[in-house]
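A look at the structure
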Amino acid sequence: MAWLRTRMALETTLAGWVRTASALIAFGFAIVQFFENYKVTQVPTGNHLARYLGLVLIGIGSLATAVAVGEYRKVMKYLEGEAFQGIAGVPGVRRVYPAVVVAVLLCLVGLLAFFTVLLGAELPWPAKL
């Protein structure tokens, strides 16, 4: 049972990283979009502070997701190793876990958002009115 609790704690930890990283990526992207599309006059736009802050938040979120997946894989390799051969895994159970898939997709979305903001590309949505 201790092995199973450790395994479930690992899943919970990865889910926490994904939740935090998604908030960082979304907030960073929202900052950039707000200040670029609504032309707030109280903030000086010459130094692009909002854009840089958004890029930093998006980058931290993407990097955190990549690090979390790497640490997850490292611990899973240990938990499924020779030391726990008798109790690790059930034959026939999937080896791809939904939390890892979501984390990898979030990392890709974060990288897409980062390079979109960095290169200043125009998004096809929302349509300009």
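Here, the structure is the one placed above.
Residues numbered from 1 in each chain as written. Predicted model: local features only at pLDDT ≥ 70, side-chain atom pairs only at ≥ 80, totals over all residues. Heavy atoms only, no water.

1. Some details on the pattern of salt bridges
Counting across every chain of the model gives 2 salt bridges. In this structure, the salt-bridge partner of glutamate 11 is arginine 7, at a minimum N-O distance of 2.7 Å. Residue glutamate 11 and its partner arginine 7 are both found in helix 1 (residues 2–37); the two are separated by 4 residues, about one turn of the helix. A residue is classified by how much of its surface remains accessible, and glutamate 11, at 17% relative accessible area, is buried. Between lysine 74 and glutamate 71 there is a salt bridge, and its shortest N-O distance comes to 3.3 Å. In this pair, lysine 74 and glutamate 71 both sit in helix 2 (residues 49–79), 3 residues apart, roughly one turn of the helix. By relative accessible area, lysine 74 is classed as exposed at 54%. (Salt bridge = Lys/Arg side-chain N within 4 Å of Asp/Glu carboxyl O. Helix = DSSP H or I, 4+ residues; strand = E, 2+ residues; numbered from the N terminus. Buried < 20%, exposed > 50% of the residue type's maximum accessible area, 1.4 Å probe, protein only.)

2. Some remarks on the packing of helix 1 against helix 3 (residues 98–119)
Contact geometry for helix 1 and helix 3: axes closest at 10 Å, N-to-C directions at 20°. In terms of axis orientation, helix 1 runs roughly parallel to helix 3. Considering only the axes of helix 1 and helix 3, their crossing is left-handed. Each of Glu11, Leu14, Val18, Ala21, Ser22, Ile25, Phe29 and Val32 in helix 1 lies in contact with helix 3, whose residues at this interface are Ala99, Val100, Val102, Ala103, Leu106, Gly110, Ala113 and Val117. (Axes fitted to C-alpha atoms, helices over the stretch in contact; angles between N-to-C directions. Parallel < 35°, antiparallel > 145°, perpendicular 65-115°, else oblique. Left-handed = near helix turned anticlockwise from the far one by under 90°. Contact = heavy atoms within 4.5 Å.)

3. Comments concerning the packing of aromatic side chains
In the structure shown here, the tally under the stated rule is 2 aromatic pairs. Here the aromatic rings of phenylalanine 34 and phenylalanine 35 are separated by 5.2 Å at their centres, their planes lie at 85°, and the arrangement is edge-to-face. Judged by relative accessible area, phenylalanine 35 falls into the partly exposed class, the value being 26%. When the ring of phenylalanine 114 is compared with that of phenylalanine 115, the centres are 5.4 Å apart and the planes differ by 90°; the resulting orientation is edge-to-face. Given the relative accessible area of 43%, phenylalanine 115 is considered partly exposed. A cation sits over an aromatic face here: arginine 7 above tyrosine 97, 4.2 Å from the ring centre. (Phe/Tyr/Trp six-rings, centres within 6.5 Å; stacked < 30°, edge-to-face > 60°. Lys NZ or Arg CZ within 6 Å of the ring centre and 35° of its normal.)

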